[in-house]
Amino acid sequence: LAMSDSANKLAGVSLQVVDASGTKLQLGKTLWFNLTENVIGGQLGSEKIVMKPMSRTVMAAPRADPGDYPVSFAYRMEGKEHTYPICETRWNHDPAGRTLGFVVASLSARTPRIFLFPDKR
């Protein structure tokens, strides 16, 4: 995982190794990285998730079999009680693979962005 790092005057980035092997991340599960200063919450199929700011969380499979499932995400800014929506959609689940999910701050808007990367070997 490569991230911008203004403290690194030589390259301007920092690297973090992510172990997404079968011993660390089992098939069907998602490893989430919340790289924002916001609390992120969501309902993904049968699973609920709450991610603290700048945290890493493993989520169980959103359903047992292959197919699509409903997704909704929201966020709460530090010091605020109100939650703000990020998205409501449907995603596809493949129990024969793993997924890496990233929540990042948007440069052009207040709403965080979500990226998913399937890992099927």
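Placed above this text is the structure.
Read on for a plain summary of the structure. Note that the coordinates shown come from a computational prediction; the quantities given were computed from them, not determined experimentally. (Residues numbered from 1 in each chain as written. Predicted model: local features only at pLDDT ≥ 70, side-chain atom pairs only at ≥ 80, totals over all residues. Heavy atoms only, no water.)

1. Remarks on the overall build of the chain
The condition that has to hold: Put simply, DSSP marks the helices as runs of H or I at least four residues long and the strands as runs of E at least two long, and each gets a number from the N terminus on. Taken over C-alpha atoms, the radius of gyration is set against a globule rule of 2.2 Å times the number of residues to the power 0.38. Exposure is judged per residue with a 1.4 Å probe applied to protein chains only, and the accessible area is read against the type maximum: over 50% gives exposed, under 20% gives buried, and values in between give partly exposed. We call two residues in contact when some of their heavy atoms are within 4.5 Å. Every accessible area reported is derived by Shrake-Rupley at a probe size of 1.4 Å, with residue values counting cover from the shown protein chains alone. In this tally, Lys and Arg are treated as positive and Asp and Glu as negative; His is ignored, and so are the chain termini. By convention, the point assigned to a charge is CZ for Arg, NZ for Lys, CD for Glu and CG for Asp.
Scanning the chain from N- to C-terminus turns up 0 helices and 10 strands. Mapped from its N terminus to its C terminus, the chain presents α and β elements in the order β-β-β-β-β-β-β-β-β-β. The C-alpha atoms of the chain give a radius of gyration of 15 Å, which matches the 14 Å a tight globule of 121 residues would have. Buried positions account for 32% of the 121 residues belonging to the chain. For the chain, the proportion of contacts with a sequence separation of at least 24, taken over those separated by at least 6, is 51%. With an accessible surface of roughly 7,700 Å², the chain has 54% of that area assigned to carbon and sulfur atoms. Averaging the coordinates of the 15 positive side-chain charges in the chain and doing the same for the 11 negative ones gives two points 2 Å apart.

2. Topic: the sheet that holds strand β8 (residues 84–93)
In plain terms, the rule: At least two DSSP bridges between two strands are required for those strands to pair. Each axis is a line fitted through C-alpha atoms, and for a helix only the stretch in contact is used; angles between axes span 0 to 180 degrees, taken between their N-to-C directions.
Strand order in the open sheet made by the 4 strands is β5-β4-β7-β8, with antiparallel pairing throughout. Edge positions in the sheet fall to β5 (47–51) and β8, since each of these pairs with one other strand and no more. Averaged over neighbouring strand pairs, the angle between their axes works out to 15 degrees when direction is ignored. As paired elements, strand β4 (residues 39–44) and β5 share 5 bridges and run antiparallel to each other. Following the sheet pairing, Ile 40 is matched in β5 by Met 51.

3. Regarding the pattern of salt bridges
Heads up, the rule is: Basic side-chain nitrogens of Lys or Arg form a salt bridge, by our definition, when they fall within 4 Å of a carboxyl oxygen of Asp or Glu.
This model, assessed by the stated rule, comprises 3 salt bridges. Across the pair Arg 90 and Asp 68 runs a salt bridge whose closest N-O atoms are separated by 2.8 Å. You can see Arg 90 sitting in strand β8 and its partner Asp 68 sitting in strand β7 (residues 67–76), a full 22 residues away along the chain.

4. Digging into the environment of Pro 70
Position of Pro 70 relative to the elements: it lies in strand β7. Overall, Pro 70 belongs to the partly exposed group, its relative accessible area being 43%. For Pro 70 and Asn 92, which are 22 residues apart along the polypeptide, the C-alpha to C-alpha distance reads 9.0 Å. Sequence-distant contacts of Pro 70, that is, excluding residues within four places in its chain, are made with Gln 43, Leu 44, Gly 45, Thr 89 and Arg 90.

5. Some remarks on the environment of Ser 46
Our working definition: Definition of a polar contact: a pair of N or O atoms within 3.5 Å, with one able to donate and the other able to accept a hydrogen when the atoms are protein atoms, and with sequence-neighbouring residues admitted only if both atoms are side-chain atoms.
Along the polypeptide, Ser 46 turns up in the loop between β4 and β5. Ser 46 gets classed as exposed once you look at its relative accessible area, which sits at 54%. For Ser 46 and Lys 9, which are 37 residues apart along the polypeptide, the C-alpha to C-alpha distance reads 45 Å. Apart from residues lying up to four places away in sequence, Ser 46 is in contact with Ala 61, Pro 62 and Arg 63. Within the local environment of Ser 46, its side chain forms a polar contact with the backbone oxygen of Pro 62, the two atoms lying 2.9 Å apart.

So, to be careful, I would describe these as geometric facts and stop short of saying anything about function.
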